[in-house]
Amino acid sequence: TEDQMMRIVETRPVPGTQMENVRDLFVFQLFTGLAYSDAQAFDIKQYHKDGDTWVHNGKRIKTGVPYVSALLPPVVDVLERHGWKVPTIPNQKYNCLLKTFGSVIGIEGLHSHLARHSFATWMLSNDAKVQNVMRMLGHTNIKQTMKYAKVLAKDVHDDYSRVGEKLKKKEVM
């Protein structure tokens, strides 16, 4: 959920510790949507400034499929604190430590790929177009993207409300 995402962002383990690196790598994935392998291959030199935003058009390591990435404020915060590098943690150790980190902050079942799923759901919940999320994730079709994105009851309710408001305005006209 967005509340859980914010709890992760707001949790600040002791600086310089392994838990800080675990949290920071997860935040990086959570707000870029990058898979573990792509996150570990991150290089700021591949990004360019577009206004106030760092952007990159790349290809996924696993599939070679093109993707678009932008660095949102929580990611920039992580990168600035780590000298514009992503913490390097072996995948198995990372997932093990994520479970521990999640237990400490009251979120069970954290694993690296959950960040990617959460990113897709969060973007769609914040009105990003599914075609754009597909490109952000480096997917080849929308069906693939929809597996990542859970439909939230809140979003369904919001859509009903939005459409209802439009109908009310038409009645007035």
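This text gives an overview of the structure that appears in the document.

Calculation criteria
- Residues numbered from 1 in each chain as written.
- Predicted model: local features only at pLDDT ≥ 70, side-chain atom pairs only at ≥ 80, totals over all residues.
- Heavy atoms only, no water.
- Helix = DSSP H or I, 4+ residues; strand = E, 2+ residues; numbered from the N terminus.
- Expected span 1.5 Å × (residues − 1).
- Buried < 20%, exposed > 50% of the residue type's maximum accessible area, 1.4 Å probe, protein only.
- Pairing = 2+ DSSP bridges.
- Axes fitted to C-alpha atoms, helices over the stretch in contact; angles between N-to-C directions.
- Phe/Tyr/Trp six-rings, centres within 6.5 Å; stacked < 30°, edge-to-face > 60°.
- Core = buried A, V, L, I, M, F, W, Y, C linked by side-chain atoms within 4.5 Å.
- Contact = heavy atoms within 4.5 Å.
- Parallel < 35°, antiparallel > 145°, perpendicular 65-115°, else oblique.
- Left-handed = near helix turned anticlockwise from the far one by under 90°.
- Nonpolar A, V, L, I, M, F, W, Y, C, P; charged D, E, K, R; others polar.

Remarks on helix α6 (residues 112-125)
And then number 1: Across its 14 residues, α6 extends 21 Å between first and last C-alpha, which sits within 8% of the 20 Å expected from 1.5 Å per residue.
And then number 2: With 10 of 14 residues buried, α6 is to be regarded as a mostly interior element.
And then number 3: Those residues of α6 lying buried are Ser112, Ala115, Arg116, Ser118, Phe119, Ala120, Thr121, Trp122, Met123 and Ser125.
And then number 4: Immediately downstream of α6, the backbone of Asp127 shows phi near 70°, a positive value.

Side note on the sheet that holds strand β2 (residues 53-59)
And then number 1: Strand order in the open sheet formed by 3 strands is β1-β2-β3, and the pairing between neighbours is antiparallel. For this open sheet the edge positions go to β1 (48-50) and β3 (66-71), each flanked by a neighbour on one side alone. Averaged over all pairs of adjacent strands, the angle between strand axes in this sheet comes to 35°, irrespective of strand direction.
And then number 2: Relative to β2, β1 runs antiparallel, the two sharing 3 bridges. The residue bridging His48 from the neighbouring strand is Val55, located in β2.

Points about the pairing of β3
And then number 1: Burial along β3 is one-sided: Tyr67, Ser69 and Leu71 are buried, while Pro66, Val68 and Ala70, pointing the other way, are not.
And then number 2: Inspection of the sheet shows β2 paired to β3 by 6 bridges, in the antiparallel sense. Residue Gly58 lies in a different strand from β3, and its bridge partner there is Tyr67.
And then number 3: What sits between β2 and β3 in their antiparallel hairpin is a turn of 6 residues, with Gly64 showing a positive phi close to 75°.

What about unusual backbone geometry?
And then number 1: With phi around 60°, Trp84 is a residue other than glycine that occupies positive phi space.
And then number 2: The topology assignment puts Trp84 in the loop between α4 (73-81) and α5 (91-105).
And then number 3: Within the chain, Asp127 stands out as a residue other than glycine whose phi angle is a positive 70°.
And then number 4: Mapped onto the elements, Asp127 comes out in the loop between α6 and α7 (130-137).

Focus: the packing of aromatic side chains
And then number 1: Per the counting criterion, the structure on display carries 5 aromatic pairs.
And then number 2: Measuring from centroid to centroid gives 5.6 Å for Trp54 and Trp84, while their planes differ by 50°, and the two rings are tilted. Placement of the pair is Trp54 in strand β2 and Trp84 in the loop between α4 and α5, with a sequence separation of 30 residues.
And then number 3: Overall, Trp84 belongs to the partly exposed group, its relative accessible area being 27%.
And then number 4: Counting every residue linked through ring pairs, the aromatic cluster contains Phe28, Phe42 and Tyr47.

As for the nonpolar core
And then number 1: Counting residues in each nonpolar core, the largest one holds 43 residues, and the members touching the most others are Ile8, Phe26, Phe28, Phe31, Phe42, Leu71 and Tyr94.
And then number 2: Sorting the residues of this core by element identifies α1 (2-10), α2 (18-32), α3 (36-40), β3, α4, α5, α6 and α7 as the ones contributing at least two each.
And then number 3: Not counting the four nearest positions on each side in its chain, Phe42 is found in contact with Phe28, Tyr47, Leu71, Leu79, Trp84 and Val86.

Section: the packing of α6 against α7
And then number 1: Close contact between α6 and α7 brings their axes to 10 Å; oriented N to C, the two are set at 155°. Overall, the two elements α6 and α7 adopt an arrangement that is roughly antiparallel. For α6 against α7, the interelement crossing comes out right-handed. Where α6 abuts α7, its residues Arg116, Phe119, Ala120, Met123 and Leu124 lie against Val130, Val133, Met136 and Leu137.
And then number 2: Taken together, the residues of the contact of α6 with α7 sort by class into 8 nonpolar, no polar and 1 charged.

Any functional reading would require information beyond the geometric quantities listed.
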